[in-house]
Amino acid sequence: MAEIQQLKSRGHVVLIASPFFGQMLPLVDFAKELSIYHHVIYVASASKLNTLKQHGFLTEDQDSKLILPNCQVDFIGLFDDNDDDYEVSSI
Amino acid sequence: MREPLQQLLFPQSFASSSTNLLTTRSIDHPIDLIVSDIFVHMPIRNAYERNVLAHVFVPCSFVLVSLIINCSTCETNDGIPKDLALILVKTFSLAKGFICNSIDKLDQPVVDDLHQTSLSCSNLPVRFVAPLISEKIDNQQSVNHFQMKLISFI
């Protein structure tokens, strides 16, 4: 555990997702892998992070902070009004 | 997303009439690396201006990068709008590399094609990180077992 903590002190990485689940989910998986070696912060629209929580991809810790189970990734939500569910419209 | 991201990533240079916090919390330590989704171009530009390392994340096949480059030069109105494609291509040249959720053996021809172009991003390193397997795929299978099956299938 001490060795992992030492590895984590190497770098602080910020991952930024666009507000579409097809883009967000692969980046969540990448965050999990990267968090083994670095301190990772995942940034996305706050409303979309809540939806990920509702679908079980994220949970809340005792401080009501969003977390990934078994991973140390910090999640930060943006209050950017990207609250809509985007639909594909025909061209 | 622009204002909240600027306030979060570069608060010293964030100028706004509002003092409200636009994020759920702040970042309290220096950032060593920014990895931004391919369509979220602003952080890459800002990172370049502030000498912070930044990479573009491609969440699917690297063919998406070729598509964007084609849309930036095409006059037709298919796919990504040309003005957006031009901004994204310019942003690629400001990044230090691509991180792609694909497999190098599948997409290497696309990377080779990019190397043949004269674009400023043509020689950027491309790092393939797939397969990224989510644990939330099937409760009855272990992740390792699924990964082995997938890799042997490929």
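Details of the overall build of chain B
Then, in step 1: Along its length, chain B carries six helices and four strands.
Then, in step 2: N-terminal to C-terminal, the α/β element order of chain B is α-β-α-β-α-α-β-α-β-α.
Then, in step 3: Relative to its 154 residues, chain B shows a buried fraction of 43%.
Then, in step 4: Looking at chain B alone, contacts between residues at least 24 apart form 55% of all its contacts between residues at least 6 apart.
Then, in step 5: A total of about 8,800 Å² of accessible surface is found on chain B, and carbon and sulfur atoms cover 53% of it.

Focus on the overall build of chain A
Then, in step 1: For chain A, the helix and strand inventory stands at three helices and five strands.
Then, in step 2: Secondary structure of chain A in N-to-C order comes out as α-β-α-β-α-β-β-β.
Then, in step 3: By residue count, 51% of the 91 residues in chain A fall in the buried class.
Then, in step 4: Just so you have it, chain A exposes about 5,000 Å², and 50% of that area is on carbon and sulfur atoms.

Focus: the nonpolar core
Then, in step 1: With 44 residues, the main nonpolar core has Leu9, Ile34, Phe62 and Phe98 of chain B as its most contacted residues.
Then, in step 2: Setting aside chain neighbours within four positions, we find Leu9 of chain B in contact with Val14 and Ile16 of chain A together with Ile27, Ile31, Ile34 and Pro43 of chain B.
Then, in step 3: Of all hydrophobic cores here, the second largest spans 25 residues; its members include Ala31, Leu34 and Leu52 of chain A together with Val35 of chain B.

Digging into the interface of chain B and chain A
Then, in step 1: Contacts between the two partners involve 35 residues from chain B, matched on the other side by 33 residues from chain A.
Then, in step 2: Where chain B abuts chain A, roughly 2,800 Å² becomes buried across the two surfaces, and 66% of that area is made up of carbon and sulfur atoms.
Then, in step 3: The largest per-residue losses of area from chain B upon contact with chain A belong to Met1, Arg25 and Leu132 of chain B, which jointly make up 21% of the total buried on that side.
Then, in step 4: For the interface between chain B and chain A, the tally reads one salt bridge.
Then, in step 5: In this structure, the salt-bridge partner of Asp74 of chain A is Arg25 of chain B, at a minimum N-O distance of 3.7 Å.
Then, in step 6: Counting every contact that joins chain B to chain A gives twelve residue pairs in polar contact (both at pLDDT 80 or more).
Then, in step 7: Contributions of two or more residues to the side of chain B that touches chain A are made by helix H1 (2-9) and strand E1 (33-37) of chain B.
Then, in step 8: In terms of residue count, E1 of chain B provides more of the side of chain B that touches chain A than any other element does, five residues in total.

A look at helix H3 (residues 63-73) of chain B
Residues and elements named next belong to chain B.
Then, in step 1: Within the span of H3, buried status applies to Leu64, Val65, Ile68, Ile69, Cys71 and Ser72. Down the axis of H3, the sector holding all buried residues measures 160 degrees, keeping them to one side.
Then, in step 2: Looking at the packing, one finds that the buried side of H3 touches strand E2 (53-58), helix H4 (82-94), strand E3 (98-100) and helix H5 (104-116).

With respect to the packing of aromatic side chains
Residues and elements named next belong to chain B.
Then, in step 1: Considering all chains together, one arrives at five aromatic pairs over all chains under this definition.
Then, in step 2: Ring centres of Phe62 and Phe128 lie 6.4 Å apart, and the angle between their planes is 70 degrees; this geometry places the pair in the edge-to-face category. Of this pair, Phe62 sits in the loop between E2 and H3 while Phe128 sits in strand E4 (residues 126-128), placing them 66 residues apart in sequence. Of the two residues, Phe62 and Phe128, both sit in the buried class.

About the cut-offs
- Residues numbered from 1 in each chain as written.
- Chains lettered and ligands numbered in written order.
- Predicted model: local features only at pLDDT ≥ 70, side-chain atom pairs only at ≥ 80, totals over all residues.
- Heavy atoms only, no water.
- Helix = DSSP H or I, 4+ residues; strand = E, 2+ residues; numbered from the N terminus.
- Buried < 20%, exposed > 50% of the residue type's maximum accessible area, 1.4 Å probe, protein only.
- Contact = heavy atoms within 4.5 Å.
- Areas by Shrake-Rupley, 256 points an atom, 1.4 Å probe, with all protein chains shown as cover.
- Core = buried A, V, L, I, M, F, W, Y, C linked by side-chain atoms within 4.5 Å.
- Buried area = accessible area lost by both parts, 1.4 Å probe.
- Salt bridge = Lys/Arg side-chain N within 4 Å of Asp/Glu carboxyl O.
- Polar contact = N/O pair within 3.5 Å; in protein donor to acceptor, adjacent residues only side chain to side chain.
- Arc of directions from axis to C-beta.
- Phe/Tyr/Trp six-rings, centres within 6.5 Å; stacked < 30°, edge-to-face > 60°.

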